[in-house]
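# Architecture at a glance
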Amino acid sequence: LGVNPQVNMFQVSYHHNAMAENHHFGAAHPMKPWRLTLTNQLVLGYGLHEHMDTYSTRPANEDELKDFHGDDYLEFLKRVTPHNTQEFANDLSKFNIGDDCPIFDGIWDYCSLYAGASLDAAKKLINHQSDIAINWSGGLHHAKKSEASGFCYINDIVLAILQLLRYHPRVLYIDIDVHHGDGVEQAFFSTDRVMTLSLHKYDKDNFFPGTGNWDDIGGGAGKHYALNVPLKDGIDDESYVRLFKQIVEPVIEKYCPTAVVLQCGADSLGSDKLGCFNLNIKAHGACVEFVKKFGLPLLVLGGGGYTPRNVSRLWTYETAYTPSHIPMANASTNTICVGAEIEDDLPARSPYREYFGPDYKLHPPLSKEGKYENKNSKKYLESMKTKIMEHLRFIDG
Ligand code: ZLM
Ligand code: CA
Ligand code: ZN
């Protein structure tokens, strides 16, 4: 049904819970959890669930969240509601509650559900029950130990990496959300057991969170183990994918991670409501595919993405693409594995088909001409690549 028959070299697990999607940040808030409903409908519509193990996830419990987060912050999140917010007046500014991170109904359930899904996914990788584990509701990279930030309350990524570190000596974190993955970087800033790499729009005073310049490289034992690629508006498919490959390949070869966590924020697509890049779905997917081909245990997470129809197109495409490909080493012996090419025509029967008009395609052109002119010169991108290579010289794998 829209999927070419192929040999699945990878065991893929898909971690999902419809309850997480039914929460609302409030009128006009850009973060819309129902983009996950849209994604899941497309995934089912293409029949992709038949190609992976799908798990209904459980909420994380408080003890699991305490692995990273402060007790008082968790207590606050558990107890606060839109109705009793006044009683917590002192806590609101302390925990950075406000327009970006409002208190909404069911906030605790929402947080524990997306965190539980990332923890389940990490555990499937640890147990070798899965080679690639997907949680599109996770990837909330800004949350701090005792502070909400940038639409993120609980840092499911940090929690999942902490699980992986129980069995894996080195974890590589890659973040292709248009925003800097500051919360994950900060959590592992001074360790060499996690290397963090974020590509993002950087403009200190005018783009959130304002961190992640090229000279932000980690500290102490973690010096050179935080990598940042600051980019300007309008980067296009070709330059992004080229730069991504030029950086990720030597990073993996040098660092030799034993597991990889990939944050796939969809706000790096062209036409995103908050983003300012010019990527099409295939280019974003090419980055995911490139990482997958190294054949390392891979945790695939969501993140930002503020134009729901394109978020769901992207993550469906990346779900389809993940089960299908083979490690590079096996490529020559498995030439029949050309990948799960799902049709450009969206599934005919879907309760949400109306969102995808007038084209009803998986790959509409997203790089709206002229909206964001590409401000990244070849020379600038080359210089960023060179800076990364300079840090890699300090890494002994
Ligand atoms: N104001 N409403 C990315 C997180 C980006 C900080 C400027 C809040 C918004 C934005 C919220 C309805 C990820 C900032 C923004 C207005 C201070 C950001 C509520 C519109 C609205 O209409 C809005 C009342 C809201 C928030 C726009 N906030 C756009 N950009 C960033 C946070 C998260 O994608 O990386 C991962 C999930 N915040 O720029 C302000 C400085 C708060
Ligand atoms: Ca990023
Ligand atoms: Zn983002």
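Quick summary incoming for the structure in this document. (Residues numbered from 1 in each chain as written. Chains lettered and ligands numbered in written order. Predicted model: local features only at pLDDT ≥ 70, side-chain atom pairs only at ≥ 80, totals over all residues. Heavy atoms only, no water.)

## Here's the deal with empty space enclosed by the protein
Take a probe with the size of a water molecule and roll it over the atoms, and the empty space left behind shows itself. Under the convention used in this document: Both cavities and pockets are sets of points on a 1 Å grid over the protein atoms alone; in a cavity a 1.4 Å probe fits but cannot get out, in a pocket the set is open with protein on both sides within 12 Å along at least five of seven lines, and lining residues sit with an atom within 4 Å of a point. Grid points are joined across faces, edges and corners, and a volume is the space filled by probe spheres set on the points. In DSSP terms, a helix is any run of H or I states spanning at least four residues, a strand is any run of E spanning at least two, and both are numbered starting from the N terminus. Polarity classes work like this: nonpolar for Ala, Val, Leu, Ile, Met, Phe, Trp, Tyr, Cys and Pro, charged for Asp, Glu, Lys and Arg, and polar for all others, with Gly in that last group.
Applying the stated rule across the entire model yields one cavity of 30 Å³ or more. The volume enclosed by the largest cavity comes to roughly 120 Å³. Surrounding the largest cavity, 16 residues form its lining, His15, His16, Asn135, Trp136 and Ser137 being those nearest its centre. Only β1 (12-16), α1 (18-21), α2 (35-45), α6 (107-126) and β3 (132-135) provide two or more residues apiece to the lining of the largest cavity. By residue class, the composition of the lining of the largest cavity is seven nonpolar, eight polar and one charged.

## Observations regarding the site of ligand 1
Rule in force here: The rule for a residue being near a molecule or strand is that one of its heavy atoms must lie within 4 Å of it. For this analysis, a polar contact is any N or O atom pair within 3.5 Å, provided that within protein one partner can donate a hydrogen and the other can accept it, and provided that sequence-adjacent residues contribute only side-chain to side-chain pairs. Accessible surface is estimated by sampling points in the Shrake-Rupley manner with a 1.4 Å probe; for residues, cover comes only from the protein chains shown.
Taken together, 20 residues form the shell around ligand 1, and within it Asp100, His141, His142, Asp267 and Tyr306 come nearest. Contact between ligand 1 and His142: an oxygen atom at 2.7 Å from a side-chain N or O atom of the residue. Between an oxygen atom of ligand 1 and a side-chain N or O atom of Asp267, the distance comes to 2.9 Å. Compared with its free state, where it exposes 820 Å², ligand 1 has 64% of that area covered by protein.

## Description of helix α10 (residues 281-292)
Stated precisely, the cut-off is as follows: A helix is expected to reach a length of 1.5 Å times the quantity of its residues less one. Three labels apply to residues, based on accessible area from a 1.4 Å probe with only protein chains included: buried if under 20% of the type maximum, exposed if over 50%, partly exposed otherwise in between.
With 12 residues, α10 extends 17 Å from end C-alpha to end C-alpha; this agrees with the ideal 16 Å at 1.5 Å per step. With 11 of its 12 residues buried, α10 lies for the most part within the structure. Of the residues making up α10, those classed as buried are Ile281, Ala283, His284, Gly285, Ala286, Cys287, Val288, Glu289, Phe290, Val291 and Lys292.

## Thoughts on the sheet that holds strand β2 (residues 53-56)
Heads up, the rule is: The pairing criterion for strands is at least two bridges between them, as found by DSSP. Here the axes come from fitting lines to C-alpha atoms, over the contacting stretch only for helices, and the angles between their N-to-C directions go from 0 to 180 degrees. Should any heavy atoms of two residues lie within 4.5 Å, those residues are considered in contact.
The eight strands are arranged β2-β1-β3-β8-β7-β4-β5-β6 in an open sheet whose pairing can be described as parallel. One side of each edge strand has no neighbouring strand; the edge strands of this open sheet are β2 and β6 (226-231). Shown here is a sheet whose adjacent strand axes are inclined to one another by a mean of 15 degrees, direction ignored. Alignment of β1 against β2, held across four bridges, turns out to be parallel. If you follow His15 over to β2, its bridge partner there is Tyr55. Sheet contacts for helix α9 (residues 237-255): β4 (171-175), β5 (194-201) and β6; angle to β5, the most-contacted strand, approximately 170 degrees. Sheet strands touched by α10: β3, β4, β7 (259-263) and β8 (298-301). Its angle to β7, the strand with the most contacts, is close to 175 degrees.

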